[in-house]
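Listed below are the residues making up each chain.
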Amino acid sequence: MPRALALACFLPACTLAIVAERRPRFSVDFRRGLSGSLAGALTNGLLHPLDTVKTVRQANRAQFPGTFRTIRRIWQQNGPRGLYGGLGTAMVGAMPSSFVFFGTYEFMKARLQALKPDCSLDERARIHVVSAACGNAASSLIFVPKEMVKQRLQAARVAGVSTGVRQVVSTIVKEHGVRGLYAAYSATIMRNIPTTVLKFLIYEELRLRLAASDESATLRVRSMACGAISGACSSVLMTPLDVVKTRLATGQYAATLGMRRSLVKLATEEGLSGLFAGAKARMVGAALFSAIGLSCYEACKQLLRCEDGANLADAPRGAEPTRARPAHVPLPPARRAAAAAHDGRAD
């Protein structure tokens, strides 16, 4: 495991170094996708133990009744290997799915904002809704089978069963065909699109309105704070859909049951506590995931010179992008008064 973890961290670092060195050779869209890819791999690796706890609690709430007791039990039975089951699949799978999500999200957002640079709050909200939904629908084609394999590896590791990615994939395909890898696709879409839309609506608007300084450290802290708030709020509201998705992915609910009937079955058999199983771990994990992931993403965008405002018009090969004017946000009254006073002194 240590060698796999070191390799999983080393490869993204090397990729980032190479692209940072040769950034003029790559388009802004590609660099933004790569920034998301690296941020996704790093964040999944750092927070994988929390994701394991959430998965096993949602899969078997009776056997794993509390977050801290679950961590202690997994550690006592299987050591750190129990908490890190499926780590390689999570990190490797996160890179292409994050690349597609952030690449699509930023592509759509930049083009829609270019149609009307001075957007109102409602117009910005619509842009973020469409962009996030498109990014999630595209990335789910990679995310869903990756998540299914990862969660089965997590459940097997906690149960003390020795298995690997190849065995899990071959078992699913043999029993259900290739469609079996997408058994949780509709549940994932129904969970991820509302969650992602809500998260990015909150994140983008908070980040835009709190933009008061250009120092890099302040920008990163602001990204972490906005990411934590948006991630926590969106994850709690969508926990029931996440529980159903987990049970479909781990095979506890038949894929033919569907999302609506699965929700009814869960609510009938286990009530409100079943619908929100693992909500605390998911909220903490989502807050940390969004804070770390989005701050890493913004840092990578800065390093690769593809942050917000880069002109996406096709420039000559080797040329750096120019800057575009950001969306207009009205200044608060205090700042308007200070700006007016400054202009008066200048005159």
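The residue numbering used here restarts from 1 in each chain and proceeds along that chain's sequence as written. Local features in this predicted model are restricted to residues of pLDDT 70 or higher, and side-chain atom pairs are both shown and tallied only at a pLDDT of 80 or more, whereas totals for entire chains, interfaces and linings draw on every residue. To obtain the side-chain values, all non-hydrogen atoms of the structure were used and water was disregarded.

**Q** Tell me about unusual backbone geometry, residues and numbers included.
**A** Phi at Arg305 is positive, roughly 55°, even though this residue is not glycine. With respect to the helices, strands and loops of the structure, Arg305 is situated in the loop between α13 (279–303) and α14 (333–346). Relative accessibility under 20% of the residue-type maximum defines a buried residue, over 50% an exposed one, and the middle range a partly exposed one, all with a 1.4 Å probe and only protein chains included. Since its relative accessible area comes to 41%, Arg305 is described here as partly exposed. Helix numbering and strand numbering both begin at the N terminus, where a helix is a DSSP run of H or I of at least 4 residues and a strand a DSSP run of E of at least 2.

**Q** Give a description of the nonpolar core that names residues and reports values.
**A** The criterion is simple. A nonpolar core is a set of buried Ala, Val, Leu, Ile, Met, Phe, Trp, Tyr and Cys residues joined through side-chain atoms within 4.5 Å. Counting 20 residues, the largest nonpolar core has Leu248 and Leu266 as its most contacted members. Elements supplying a minimum of two residues to this core: α7 (121–158), α8 (165–176), α11 (239–249) and α12 (259–275). By residue number, the principal contributor to this core is α11, which donates five residues. Core analysis: the next-biggest nonpolar cluster, separate from the first, contains twelve residues, Phe101, Tyr105, Tyr203 and Tyr297 among them.

**Q** Outline the pattern of salt bridges, listing residues and values.
**A** Salt-bridge detection follows one rule: a side-chain nitrogen of Lys or Arg within 4 Å of a carboxyl oxygen of Asp or Glu. Applying the stated criterion to the full structure yields ten salt bridges. For Glu106, the salt bridge goes to Lys301, with nearest N and O atoms at 3.2 Å. Of this pair, Glu106 sits in helix α6 (residues 87–115) while Lys301 sits in helix α13, and the two are 195 residues apart along the sequence. When salt bridges with common partners are traced through the structure, they connect Glu106, Lys109, Glu204, Arg207, Glu298 and Lys301 into a single cluster.

**Q** Outline the side chain of Ser235, supporting the account with residue identities and numerical values.
**A** Mapped onto the elements of the fold, Ser235 is located in helix α10 (residues 216–237). When sequence neighbours within four positions are dropped, the list of residues in contact with Ser235 reads Arg282, Met283 and Ala286. In what follows, residue pairs with any heavy atoms lying within 4.5 Å of each other are defined as contacts.

**Q** How would you sum up a nonpolar patch on the surface? Please name residues and give values.
**A** Judged by side-chain polarity, Leu141, Val173, Val178 and Tyr182 come together as a nonpolar surface patch covering roughly 330 Å² of accessible area. With respect to the helices, strands and loops of the structure, Val178 is situated in the loop between α8 and α9 (185–209). Looking at Val178, the relative accessible area reads 54%, which means it is exposed. To count toward a patch, a residue needs a relative accessible area above 30% and no salt bridge. Like charges then connect within 9 Å, nonpolar side chains (Val, Leu, Ile, Met, Phe, Trp, Tyr) within 5 Å. The accessible surface values rely on the Shrake-Rupley method and a 1.4 Å probe; as for residues, cover is taken only from the protein chains in view.

**Q** Any details on the environment of Gly66? Residues and values, ideally.
**A** On the secondary structure map, Gly66 appears in the loop between α3 (48–59) and α4 (67–78). Relative accessible area serves as the criterion here: at 14%, Gly66 is assigned to the buried category. Separated by 211 residues in the primary sequence, Gly66 and Ala277 have C-alpha atoms spaced 9.4 Å apart.

**Q** I'd love a proper account of the packing of aromatic side chains, names of residues and values included.
**A** Two aromatic rings from Phe, Tyr or Trp, using only the six-membered ring of Trp, form a pair when their centres are within 6.5 Å; if the ring planes differ by under 30 degrees the pair is stacked, by over 60 it is edge-to-face, and anything between is tilted. Summed over the entire model, instances satisfying the criterion amount to nine aromatic pairs. An angle of 65° between the planes, with centres 5.6 Å apart, marks the rings of Phe30 and Phe99 as edge-to-face. Of this pair, Phe30 sits in helix α2 (residues 28–46) while Phe99 sits in helix α6; the two residues are 69 residues apart in sequence, bridging distant segments of the chain. Overall, the relative accessible area of 32% leaves Phe30 in the partly exposed class. Residue classification places Phe99 among the partly exposed residues on the basis of a relative accessible area of 29%. Seen in terms of ring centroids, Phe101 and Phe102 are 5.0 Å apart; in terms of plane orientation they differ by 80°. Their pairing is edge-to-face. You'll find Phe101 and Phe102 in the same group, each marked buried.

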